[in-house]
Amino acid sequence: KTLFVFLLFCYLSLGAEEIKKDTNVDTIENAKKIPSPQEPTLPKSLKFGAFIDSYYLYNNNLPKATERQYTTQAIRNNEFNINLAHIDATIKEDKYRGRLAFQWGTSVNANYAGEITSEKSSNQNTVKHIQEAFVGVKIAKNTWIDAGIFFGNIGHESWISQNNVNYTRAFALDYVPYYSSGVRLTHEFSNRLSVQFQVLNGWQNITENNKDKAIGSQIKFEIVPKLVLTLNQFVGNEAPNNERKQLRLYNN
């Protein structure tokens with residue numbers, strides 16, 4: 001009887017150990033079949049950037065005032081300063097795109113001086129630091145709609161200094177919009193011909209100054225590489241609500 005009990009105990013122990021081993025194997029195999037959660041990946045087109053345009057200016061005419069007149073670029077005389085600095089993030093995928101950029105500098109203070117209002121809820125005090133903030137969606141094969149704050153489409157020169165032939169801007173370019181706020185619809189008929197339609201707050205203003213909206217448009221045609229013909233239009237009332245309407249018509 002003692003031998004029988006001993007053999008039975010050994011048999012049960014070996015069987016339990018075998019079940020335990022099989023259970024461990026099954027658990028491992030089942031764990032292998034469960035997919036591990038994937039870490040989120042950023043789109044490949046997402047890019048980050050920064051730009052600094054610093055300057056020292058000295059005017060031989062020795063003006064009495066520190067700030068030069070009739071310009072918004074490199075405006076402070078006999079002084080080291082920052083004309084424009086910005087940081088940005090851009091993205092362009094097959095069906096969506098956008099850019100977010102914040103900026104600082106003396107040219108920002110000079111060029112955004114018109115962002116004023118007596119209304120308390122406006123973001124006029126901070127809006128000048130938003131260089132661009134728009135998001136776009138592809139609504140058809142060659143058609144995009146963008147909404148937010150974006151660069152103006154009028155004029156050859158860019159708000160970004162390094163994109164210009166000359167460091168300073170042409171006198172006339174300080175009197176056309178460097179930026180716009182609203183919605184724009186862009187359609188490409190071909191690689192050479194595109195059109196754009198805009199509904200804007202107004203002529204270079206993010207902080208609205210009246211109840212009316214402005215309309216802009218653009219036709220761009222590439223004659224040959226590096227030679228483009230562009231036609232821009234703007235129509236809008238730019239007078240405050242307490243004044244008689246003043247319709248601004250622009251074509252270039």
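Heads up: the structure comes first, above all this text.
Below you will find a few notes about this structure. (Residues numbered from 1 in each chain as written. Predicted model: local features only at pLDDT ≥ 70, side-chain atom pairs only at ≥ 80, totals over all residues. Heavy atoms only, no water.)

Taken in spatial order, the 10 strands make up an open sheet running 1-2-3-4-5-6-7-8-9-10, and their pairing is antiparallel. Sheet topology places strand 1 (47-57) and strand 10 (247-251) at the edges, where each strand pairs with a single neighbour. Here the average twist between neighbouring strands, direction ignored, is 15°. Here strand 6 (residues 179-188) runs beside strand 7 (residues 193-200); their pairing, made up of 7 bridges, is antiparallel. Note that in strand 7 the partner of Glu188 across the bridge is Ser194. (Pairing = 2+ DSSP bridges. Helix = DSSP H or I, 4+ residues; strand = E, 2+ residues; numbered from the N terminus. Axes fitted to C-alpha atoms, helices over the stretch in contact; angles between N-to-C directions.)

The next point concerns the nonpolar core. One finds Leu84 and Trp159 to be the most contacted residues of the largest nonpolar core, which totals 21 residues. Elements with a contribution of two residues or more to this core: strand 4 (130-140) and strand 5 (143-151). In contact with Leu84, not counting residues within four places along its chain, are Phe51, Ile52, Asp53, Gln103, Trp104, Gly105, Ser107, Val108, Gln131, Trp159 and Ile160. (Core = buried A, V, L, I, M, F, W, Y, C linked by side-chain atoms within 4.5 Å. Buried < 20%, exposed > 50% of the residue type's maximum accessible area, 1.4 Å probe, protein only. Contact = heavy atoms within 4.5 Å.)

A few words on the environment of Arg169. Structurally, Arg169 is set in the loop between strand 5 and strand 6. For Arg169, a relative accessible area of 10% corresponds to the buried category. Through-space distance from the C-alpha of Arg169 to that of Gln73 is 7.2 Å; in sequence the pair is 96 residues apart. A distance of 2.6 Å separates the side chain of Arg169 from the backbone oxygen of Trp159, its partner in a polar contact. (Polar contact = N/O pair within 3.5 Å; in protein donor to acceptor, adjacent residues only side chain to side chain.)

What follows concerns the packing of aromatic side chains. Taken as a whole and judged by the stated rule, the model has 8 aromatic pairs. Centroid distance Tyr112 to Tyr179: 4.2 Å. Interplanar angle 0°. Geometry classified as stacked. Separated by 67 residues along the polypeptide, Tyr112 in the loop between helix 2 (106-111) and helix 3 (124-127) and Tyr179 in strand 6 bring together distant segments of the chain. Neither residue differs from the other here; Tyr112 and Tyr179 are each classed as buried. Through a chain of ring-to-ring contacts, the aromatic side chains of Tyr112, Trp159, Tyr178 and Tyr179 assemble into a single cluster. Across the ring face of Phe134, the terminal group of Arg184 is positioned such that the distance to the ring centre comes to 5.0 Å. (Phe/Tyr/Trp six-rings, centres within 6.5 Å; stacked < 30°, edge-to-face > 60°. Lys NZ or Arg CZ within 6 Å of the ring centre and 35° of its normal.)

Another aspect to go through is the pairing of strand 9 (residues 227-237). Bridging between strand 8 (residues 214-224) and strand 9 involves 9 bridges; their strand directions are antiparallel. Along strand 9, the bridge assignment pairs Gly216 with Phe234. The antiparallel pairing of strand 8 with strand 9 creates a hairpin that spans 2 residues between the two strands, and Lys226 there sits at a positive phi of about 75°. Sheet topology note: the strand 9/strand 10 ladder contains 5 bridges and is antiparallel. Bridging across to strand 10, Gly236 finds its partner in Arg248.

Turning our eyes to something else, we now look at the pattern of salt bridges. Overall, the coordinates contain 8 salt bridges when judged by the stated rule. Between Arg76 and Glu67 there is a salt bridge, and its shortest N-O distance comes to 3.1 Å. Taking the relative accessible area as the measure of exposure, Arg76 reaches 22% and is therefore partly exposed. Taking the relative accessible area as the measure of exposure, Glu67 reaches 40% and is therefore partly exposed. Of the charged contacts, one joins Asp212 and Lys245 as a salt bridge, the two residues approaching to 3.5 Å between their closest N and O atoms. Residue Asp212 is found in the loop between strand 7 and strand 8, and its partner Lys245 is found in the loop between strand 9 and strand 10; the two are separated by 33 residues along the sequence. (Salt bridge = Lys/Arg side-chain N within 4 Å of Asp/Glu carboxyl O.)

Before going further, it helps to spend a moment on the side chain of Gln218. Structurally, Gln218 can be placed in strand 8. Judged by its relative accessible area of 9%, Gln218 falls in the buried class. For Gln218, the side chain forms a polar contact with the main-chain oxygen of Asn153, separated by 3.4 Å. Residues in contact with Gln218, not counting those within four places in the same chain, are Asn153, Ser194, Val195, Gln196, Thr230, Leu231, Asn232 and Gln233.

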